[in-house]
Amino acid sequence: MIDIDPASRPDPIAYLDHVASTDVGRGYKRQVLELLDLRPGQTVLDLGCGPGTDLAAMADAVAPAGRVIGLDRNPAMVAEAGARLAGRPQVEVRSGDVHELPVADGSIDRARTDRVLQHVDDPARVLTEFRRVARPGARIVMAEPDWEGMLIDSQRPDVGRTLARFISTEMIRHGTLGRSLARLCEEAGLTVRSVVTVAPVFRDLATADQVLGLRRNLVRAVGAGYLEPGAEEWFDDLRSRPFLASALLFLVTAEVG
C-alpha cells in the first residue's frame, strides 16, 4: 500500500459524518439495520463504531433492557462516540482491537461492521473472534465495498478503470473484500444467510468526490505511475458534462449455528 501524507487525508470524523448524511449512506445503513433484526433485550456489538454514528439507532431497537457496545481502536473516535452517546446509559463505548475483542465469550446477540474489515490486518481473524463472543444463533451483518466495482461515466473510461484498480490495490488493504465476505464467513464456521449487493448511483460530482475520493486518489495515481501526468484533466472534464458514477457494496448476513 502507498504511504499517504496525513495532510492529504480528509478529517476522518467529518468524512464518516458526511457519508452517513447522504442519501446513499442513509439507504444502505437502513438496510443493515433491517438485516440485523434487532430485538428488545439483545446485546449488540458495533465493530469499528467510529464517532458513534449508528449506536443510537441500535440502542433504540434493543430498548429498554438491551445494550449496545461500540468498539474502536482510534482514541479520537472513542472520545467522540462517548461524548455523543453520553446521555444513553445502555450504550458503552470501548477502546479495543477488532482482532482481539474485549468482550466475554458467548455474550453477544448481534454484531455489525460498516466498511471496517476492508482496512483491518486480518478479516478472517475478526470473524473468528466474533464466533468466540457470539451466543448460539447470534448474527453479524457486514457492509463492505468492492472497489473494482466503481464505475464512472466519462469520455475516457480507461482512466476510470485504472483509478478503480489503483484504489483497490494500493489505497485499500483489502480492496475487493466485498466479494470474498461470504467465503470468509463459511471458512470461519458461520452460516451465511444472505448476500445482497447495493450499487448506489451518484449524479452529483461533488458528492461522489467526497464519498469516493476521486480527485485526491487521481492525483495519487498519477504520482504512483498508474496514470500519465496530465490525467488530472480527466476530472476537469467530468465537471463539464452530466455526471454519473456508481459503486458496489456487499451486505452479508451470517449466523452462528
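Just above, that's the structure.
Please read these numbers as outputs of a predicted model, since none were measured by experiment. (Residues numbered from 1 in each chain as written. Predicted model: local features only at pLDDT ≥ 70, side-chain atom pairs only at ≥ 80, totals over all residues. Heavy atoms only, no water.)

(A) The arrangement of the layout of surface pockets in detail. When its volume is computed, the second largest pocket comes out at roughly 180 Å³. Along its surface, the second largest pocket is lined by Ser-154, Gln-155, Arg-156, Asp-158, Val-159, Leu-227, Glu-228, Gly-230, Ala-231, Glu-233, Trp-234 and Asp-237. Of all the elements in the fold, those that place two or more residues in the lining of the second largest pocket are helix H6 (157-171) and helix H10 (233-239). Here the element with the most residues in the lining of the second largest pocket is H10; it accounts for three residues. Within the lining of the second largest pocket, the residues separate by chemical class into four nonpolar, three polar and five charged. (1 Å grid on protein atoms, 1.4 Å probe; cavity = no way out; pocket = protein on both sides within 12 Å on 5 of 7 lines; lining within 4 Å. Points joined across faces, edges and corners; volume = space filled by probe spheres on them. Helix = DSSP H or I, 4+ residues; strand = E, 2+ residues; numbered from the N terminus. Nonpolar A, V, L, I, M, F, W, Y, C, P; charged D, E, K, R; others polar.)

(B) Main features of the pairing of strand S3 (residues 91-95). In the sheet, strand S2 (residues 67-72) pairs with S3 via five bridges, with the strands oriented parallel. Bridge assignment links Gly-70 to a residue of S3, and that residue is Val-93. A crossover connection joins S2 to the parallel S3 through helix H4 (residues 75-84); in handedness this β-α-β unit is right-handed. (Pairing = 2+ DSSP bridges. Right-handed = clockwise from strand over helix to strand, strands pointing away.)

(C) Quick look at the packing of aromatic side chains. Applying the stated criterion to the full structure yields one aromatic pair. Centre to centre, the rings of Phe-166 and Tyr-226 are 5.1 Å apart; their planes meet at 65°, and the pair counts as edge-to-face. Taken as a pair, Phe-166 in helix H6 and Tyr-226 in the loop between helix H9 (214-223) and H10 lie far apart in primary sequence, 60 residues in all. Under the relative-accessibility criterion, Phe-166 is labelled buried at 0%. Exposure remark for Tyr-226: the relative accessible area of 24% places this residue in the partly exposed category. (Phe/Tyr/Trp six-rings, centres within 6.5 Å; stacked < 30°, edge-to-face > 60°. Buried < 20%, exposed > 50% of the residue type's maximum accessible area, 1.4 Å probe, protein only.)

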